[in-house]
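Structural features, examined
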Amino acid sequence: MSTSTPGVEPNLDSLTAEITRVLGREHLAPDPNGIYLVFGSHRQLGYEPSFCGRHLSGMVQNVRVAVASIPEVIGNDCSLPSDVSSSQYSYWTRSAAEPIVHEIVEALTDPLIGRGWVDADQREIGDPCEQGPAVEVKLNSSGPPWPLGPIWSNGSGCAVAPI
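Residues numbered from 1 in each chain as written. Predicted model: local features only at pLDDT ≥ 70, side-chain atom pairs only at ≥ 80, totals over all residues. Heavy atoms only, no water.

1. Description of the overall build of the protein
When you go through the protein residue by residue, the secondary structure sums to three helices and seven strands. Scanning the protein from its N terminus toward the C terminus, one meets helices and strands in the order α-β-α-β-β-α-β-β-β-β. The proportion of buried residues among the 163 residues of the protein is 42%. Taking contacts inside the protein between residues at least 6 apart in sequence as the whole, the part at least 24 apart equals 59%. (Helix = DSSP H or I, 4+ residues; strand = E, 2+ residues; numbered from the N terminus. Buried < 20%, exposed > 50% of the residue type's maximum accessible area, 1.4 Å probe, protein only. Contact = heavy atoms within 4.5 Å.)

Written out as structure tokens, the structure is:
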């Protein structure tokens with residue numbers, strides 16, 4: 001991973017090199033239909049402290065893949081919707097879930113950046129709803145609800161759960 005001065009854009013070469021390293025170690029081929037998540041510090045990923053995540057596409061072993069990079073969540077400037085503060089989950093868990101789900105959903109709907117779902121303002125599916133209230137998602141019938149940021153729906157606006 002990069003140790004250069006953080007900026008607003010991740011170092012795509014560094015991200016794809018890390019994916020190549022891990023796949024090579026495990027003797028795996030890249031999956032063009034997969035999404036590769038890379039976690040690290042803001043410095044490792046090349047982000048300013050206010051940056052919460054990003055998805056891109058890049059080449060890994062001559063295969064174009066979707067990449068989502070998520071910096072650490074403790075001590076960054078990313079804020080949670082106020083209505084998730086009462087959740088039984090830890091602050092770290094709530095903070096991590098939001099950008100992870102956001103970037104996965106956007107990588108699924110726009111894996112090659114700009115060739116998938118974007119609105120008239122070129123925002124991806126999670127961006128119009130970033131500041132909206134959380135939507136509670138039940139991951140199983142007996143567990144508590146999981147508060148996550150909503151995604152855009154042409155039929156329902158910002159009222160749709162991301163999973």
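After that view of the structure, there is still more to cover.
2. Observations regarding the confidence of the model for the protein
Summing up the model confidence of the protein, the mean pLDDT is 79 and the portion of residues at 70 or higher is 83%. Mean pLDDT values for the elements of the protein range from 76 in helix α2 (residues 42–45) up to 92 in helix α1 (residues 12–25). Within the model, the stretch residues 1–7 combines pLDDT values under 50 with 20 contacts to residues more than four positions away or in other chains. (pLDDT = per-residue confidence, 0-100.)

3. A word on the nonpolar core
Among the nonpolar cores identified, the biggest contains 12 residues, and these are Leu-15, Ile-19, Leu-23, Tyr-36, Val-38, Leu-45, Tyr-47, Phe-51, Leu-56, Val-60, Val-65 and Val-67. Elements that contribute at least two residues to this core include exactly α1, β1 (35–40), β2 (54–60) and β3 (63–71). Take this core: its biggest share by element is three residues, from α1. Formed by eight residues, the second largest nonpolar core is a distinct cluster that contains Ala-97, Val-101, Val-105 and Trp-146. (Core = buried A, V, L, I, M, F, W, Y, C linked by side-chain atoms within 4.5 Å.)

4. Observations regarding the environment of Glu-72
Mapping Glu-72 onto the fold places it in the loop between β3 and α3 (91–109). Sequence separation between Glu-72 and His-42 is 30 residues; the distance between their C-alpha atoms is 6.6 Å. When residues no more than four places from it in sequence are discounted, the contact partners of Glu-72 are Gly-40, Ser-41 and His-42.

5. Some remarks on the pattern of salt bridges
The final tally for this structure, using the stated rule, is four salt bridges. The residue Glu-18 makes a salt bridge to Arg-21 at a minimum N-O spacing of 2.8 Å. Here the residue Glu-18 and the residue Arg-21 both occupy positions in helix α1, the gap between them amounting to three residues, near one helical turn. Where salt bridges share partners, they join Asp-119, Asp-121 and Arg-123 into one cluster. (Salt bridge = Lys/Arg side-chain N within 4 Å of Asp/Glu carboxyl O.)

6. Here we look at the sheet that holds β3
Taken in spatial order, the three strands make up an open sheet running β1-β3-β2, and their pairing is mixed. Only two strands of the sheet have a single partner each, and these edge strands are β1 and β2. Across this sheet, the average inter-strand angle for adjacent strands is 35 degrees, counted without regard to direction. Looking at chain direction, β2 and β3 are connected through seven bridges and run antiparallel. When the sheet's bridge partners are listed, Ser-57 is paired in β3 with Ala-66. Contacts from α1 reach β1, β2 and β3 within the one sheet, and its direction differs from that of β2 by about 60 degrees. (Pairing = 2+ DSSP bridges. Axes fitted to C-alpha atoms, helices over the stretch in contact; angles between N-to-C directions.)

7. With respect to the pairing of β2
Both faces of the sheet carry side chains from a regular strand, because those side chains alternate between them. Counting buried positions along β2 gives five out of seven residues, so the element sits mostly inside the fold. With antiparallel pairing between neighbouring strands as the criterion, β2 and β3 make up a hairpin whose turn holds two residues, including Gln-61 at a positive phi of roughly 50 degrees.

8. Looking at the pairing of β3
Counting buried positions along β3 gives seven out of nine residues, so the element sits mostly inside the fold. Note that β1 and β3 share six bridges and pair parallel. By the bridge assignment for β3, Phe-39 is matched with Ile-70.

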